[in-house]
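# Observations on the model geometry
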Amino acid sequence: MCIFAPIKKILIKPIYYLLLLQFACGLALAQDNNYKRGEGGAPAFSKISGVIIDKTSKEPVEFAAISIFRMPKDTLIGGVVSGATGTFEIDKLRPGKYKMKIAFMGYKTLVIDTIFLKREESKNMGNIALENNQKQLKEVVVETQQDMVKNTIDKKVFDAEKLAVANGGSANDVLAQVPTVSVDINGNISLRGSGNVTILIDGRPSGISGGGRAGVLAGIPASAIESVEVITNPSAKYDPDGMSGIINIVLKKNKLQGTNGSVSQSAGTNNKCNTNIAYSIRKNKINFYSNYSFRYNERFGRGDVNRTTYVADTAIYLTQKNNSNNFNRNHSLKTGLDYNLSDKVTLGFNATINAENKSEYELLNNNTENMSRQGISAFNRYSGTPNKGIAQDYNINYRKKFSKPKQLLTIESNYSKNNNLTDARYRQENYRENYQEITPFWFYQNNLSTSNFTINSNTLDYESPVLKSAKLECGLKNINRVIDNDFFSETYSNSLGEFVADDSLNNRFIFTEHIYAAYCSFAQTLGKWSFKGGIRAEQANTKSTLVNDNSNYFNNYFNIFPTAYINRKISEKMELQLNYGRRINRPGVGQLSPFADYSNPLILRTGNPYLNPEYTHNTELAFLYNHKKINFSGSFYFRKTVGLIMRNISINGNNQTIVTFTNLGSSDNMGLETVSRIEFFKWWNVTLNLNGFRTLIRGTNQDGEINTSNLSWNVKMLSNMLLKNGWSLQLTAMYNARNILAQGVILPMSQIDFALKKDVLKGKGTLTLGVSDVMDEMRFRVSTSGSNFSQQVERKRETRIATLTFNYRFGSGEAAPRRNKSRDNDYKNEEGGGF
């Protein structure tokens, strides 16, 4: 979960002002409805219009706040926000004397003291020029430099651009720094101790995150990420996927006026580099942006497996040691165009392409012994697994505002695809069999697998204010998902002198899923209380096909997902919220695909095409306190999951470990999470995240009844120091305590990172030196057991990495307001404390 930080005064004032302005405007217009009418019963009102422009460039200024005051009492009676062409119009005004104030961040506030309106007069003020305030712009940079997080009562937003310790890294490195989010040595992601979390790219299900999630996220450069958003209990508007919530990775998009860009270059130890180029143009009705990243990464790793298998009154010991080297070359491009058809209509298009070429080379030493430690068998296995893949996302969106404030229609279509090809080659040297040393002989096997993942989603969202202080949201969504995995294996025949197809292993698996959803929610604010209730209905139709034997498995199901929120604003500094939501976790690609991974012939991992979704009831009580120097949020949460999907480990007759997935039973997860930000001095703040939870798992497997529980906790700390002469220091530390699995435990993990940054070239450039896992302590250790085995596994990859990064920014750099274009920003717009 993202850490929070207070919005500095220079940012909160314009936002608060605009909200107050809209509310006051609504009151004023409601009162003016009682004004006397002219001929024919029509209201006898006047109006003011004009165009807001930049004094220097003469370009229109969008989103400037225009407020109108009745004189001589200086009473605020209404206001509007300028459109894409700078135009504005304030109507339903009575005759008399007025004062107008125009304000926008980065410009000096302009006041026009004397405006006289006659009865039914339409006064055009012409072009109104705002003067750029360079001093204010500089203040914005300084004030927000330390604000890495925004914490509201229902969402956390983490500013990845300010995360110096992740420079030169990947999306996994960024997520590893986010409070409540954990990333293990294999890139598996969990939220509040649960691995069943939905990962979105720009607010949408994506082909980029569709297949081999951990590997794909490792290919997204940290330099391409703008922010990470965490919502633990989303409303009915959002897809119900993800037991513990949603993690949304927002890629960079232009938010500055004029022409702007940046170039960065990173170099890391053991042949690592990262290049990023961003370029954007925002002018008049057009906003064009593009971001290209190249990342090359080499990383070594090692692992150990110690397993004891109990057979009758004896035991067999298996010892495995592996050493690996990984090579990853990745190109990533995001480009998009937003065009304002009018002040109220915006059409947008964006595309993201990620091309990856990676390979892993591994040596695996295997040794099997009996109870007396006599050697039974031994071999060395060499593997090379080159992989090529390309992921593509395309999105087109339409957004229309209406005359009624906050009335909005959004239509969007998204298409994603991910194509991967893996050509694995295995060579195995056997030198002991049946307790006897033998003349070494070689065993050769090739595995060719293709994975094609496509997803198309179409959405329609409508929201409108109703009654006096309420809002209605309704929408439709359709998702079509296809997974097509083809697996071919062949083994070298010494007698024939050629490779022969392994017909018993070869197959093709196709999974299709069609989801049809509709939702509606209603929210209202009554004084210090806010209420929101919603319901989402979904029909899902799925089909799993094993092509070779023409076997099909259908699973069609209908679900209702209710959500409810009650919010109490105790004071300006404190809020309290109680919320509930029902969620679903659908099986992923790796959990469904039945093809085994043969890189380790004694530990086979395979999916289960007959998995059913798991369902969770989420309840959360949250408290938020904001103060000038100290900010605190606390959440007590409870999750009840049925149809629990868990790994299931067993030993077959060939002494092979089989790792697969099954709907095991149920689980209860109860916890208390706190996020605290303390500003010790203006130059030093610390954010601390504590999460303590109890997990209870019940179910059955091949060994009988399972009933296990555990108390666990984790802590994460982020320290920011703004030193003199443009220097800054960042330090992060994390510790995850022991946690349980259905058949074992995950042992503790810890890591410390630091980064030192220097502003250069008059603030246009930065130079950053970062070191990850300074103590080289990060590793993954798990202990599992069953009725006839016990097993300990340890994985360690290269985590202590030093990286030097240079970044240079260019362009006009005039701040533009953040627009909410489409569903790619849906997860940014949850209103903390209100609905």
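### Remarks on the sheet that holds strand β6 (residues 110-117)
Taken together, the four strands give an open sheet; going across it, the order is β3-β2-β5-β6, and neighbouring strands pair in antiparallel fashion. The open sheet is flanked by β3 (75-81) and β6, the only strands paired with a single partner. Each neighbouring strand pair of the sheet contributes to a mean axis angle of 25°, computed without reference to strand direction. As paired elements, strand β2 (residues 65-70) and β3 share six bridges and run antiparallel to each other. Of the residues in β3, the one forming a bridge with A65 is V81.

### A look at the packing of aromatic side chains
As enumerated under the stated definition, the model contains 13 aromatic pairs in all. Seen in terms of ring centroids, F402 and Y462 are 6.4 Å apart; in terms of plane orientation they differ by 80°. Their pairing is edge-to-face. One end of the pair, F402, is in the loop between β21 (387-401) and β22 (408-433); the other, Y462, is in strand β23 (residues 436-466), with 60 residues separating them in the sequence. Classification of Y462 by relative accessible area gives partly exposed; the value is 30%. Measuring from centroid to centroid gives 6.2 Å for W529 and F531, while their planes differ by 10°, and the two rings are stacked. Taking the relative accessible area as the measure of exposure, F531 reaches 34% and is therefore partly exposed.

### Focus: the sheet that holds strand β34 (residues 657-663)
Taken together, the three strands give an open sheet; going across it, the order is β30-β34-β33, and neighbouring strands pair in mixed fashion. Every other strand in the sheet has two partners, leaving β30 (603-605) and β33 (645-651) as the edge strands with one partner each. The mean inter-strand angle of the sheet, taken between neighbouring strand axes irrespective of direction, is 30°.

### Concerning unusual backbone geometry
For the bond from M71 to P72, the omega torsion is 10°, close enough to zero to count as cis. Mapped onto the secondary structure, P72 falls in the loop between β2 and β3. Non-glycine residue R373 carries a positive phi angle of around 65°. Its location among the elements puts R373 in the loop between β19 (345-369) and β20 (375-384). The partly exposed category is assigned to R373, whose relative accessible area is 48%. The phi angle at N434 is positive, at roughly 50°, despite the residue not being glycine.

### Observations regarding the nonpolar core
In globular proteins that are soluble, nonpolar side chains generally tend to be buried together. Counting residues in each nonpolar core, the largest one holds 26 residues, and the members touching the most others are F509 and Y598. Those residues in contact with Y598, other than ones at most four positions away along the chain, are R381, Y426, Q445, N447, F487, L505 and L604. Core analysis: the second largest hydrophobic core is formed by 22 residues, L175, I201, I225 and I249 among them.

### So, the pairing of β21
Looking along a regular strand, one sees the side chains alternate between the two faces of the sheet. By the bridge criterion, 14 bridges tie β19 to β21 in an arrangement that is antiparallel. In the strand pairing of β21, E356 is matched with G389. The hairpin turn running from β21 into β22, its antiparallel successor, is six residues long, and K406 in that turn takes a positive phi close to 65°.

### Quick look at the pattern of salt bridges
The final tally for this structure, using the stated rule, is 28 salt bridges. In this structure, R508 engages D484 in a salt bridge whose closest nitrogen and oxygen atoms are separated by 2.5 Å. Of this pair, R508 sits in strand β26 (residues 507-526) while D484 sits in strand β24 (residues 470-493), and the two are 24 residues apart along the sequence. By relative accessible area, which is 31% here, R508 ends up partly exposed. Note that D668 and R698 form a salt bridge whose closest N and O atoms lie 3.4 Å from each other. Here R698 lies in strand β36 (residues 684-701) and D668 lies in strand β35 (residues 665-681), a separation of 30 residues in the sequence. Using a relative accessible area of 31% as the deciding quantity, one classes R698 as partly exposed. When salt bridges that share partners are traced, they join D239, D241, K477, R536, E538 and R586 into one network.

### So, the pairing of strand β1 (residues 46-54)
With seven of nine residues buried, β1 lies mostly within the body of the structure. Across five bridges, the pairing between β1 and strand β4 (residues 87-93) is antiparallel. Its bridge partner being in β4, I48 is matched across the sheet by I90. Pairing geometry for β1 and strand β7 (residues 122-130), over seven bridges, is parallel. Bridge pairing in β7 links I53 to A129.

The rules behind these values
All residue numbers here refer to positions counted from 1 along the written sequence of the relevant chain. Restriction of local features to residues with pLDDT of at least 70 applies here, the model being predicted, together with a cutoff of 80 or more for giving and counting side-chain atom pairs; totals for whole chains, interfaces and linings are based on all residues. Where side-chain values are given, they derive from all heavy atoms of the structure, hydrogens and water being excluded. At least two DSSP bridges between two strands are needed for those strands to be called paired. Helix and strand labels come from DSSP, where a helix needs a run of H or I of at least four residues and a strand needs a run of E of at least two; each type is numbered from the N terminus. Axes here mean lines fitted to C-alpha atoms, for a helix over just the part in contact, with angles spanning 0 to 180 degrees between N-to-C directions. Paired rings are identified among Phe, Tyr and Trp, the last through its six-membered ring, by centres lying within 6.5 Å, and are further divided according to the angle between planes into stacked (under 30 degrees), edge-to-face (over 60) and tilted (the rest). Categorising residues by exposure relies on relative accessible area from a 1.4 Å probe, with only protein chains included: less than 20% of the type maximum marks a residue as buried, more than 50% marks it as exposed, and the intermediate range marks it as partly exposed. Only buried residues count toward a nonpolar core, which is a set of Ala, Val, Leu, Ile, Met, Phe, Trp, Tyr and Cys residues joined through side-chain atoms within 4.5 Å. Only heavy atoms enter the contact rule, under which two residues are in contact if any of them lie within 4.5 Å. Just to be clear on terms, a salt bridge is a Lys or Arg side-chain nitrogen sitting within 4 Å of an Asp or Glu carboxyl oxygen.

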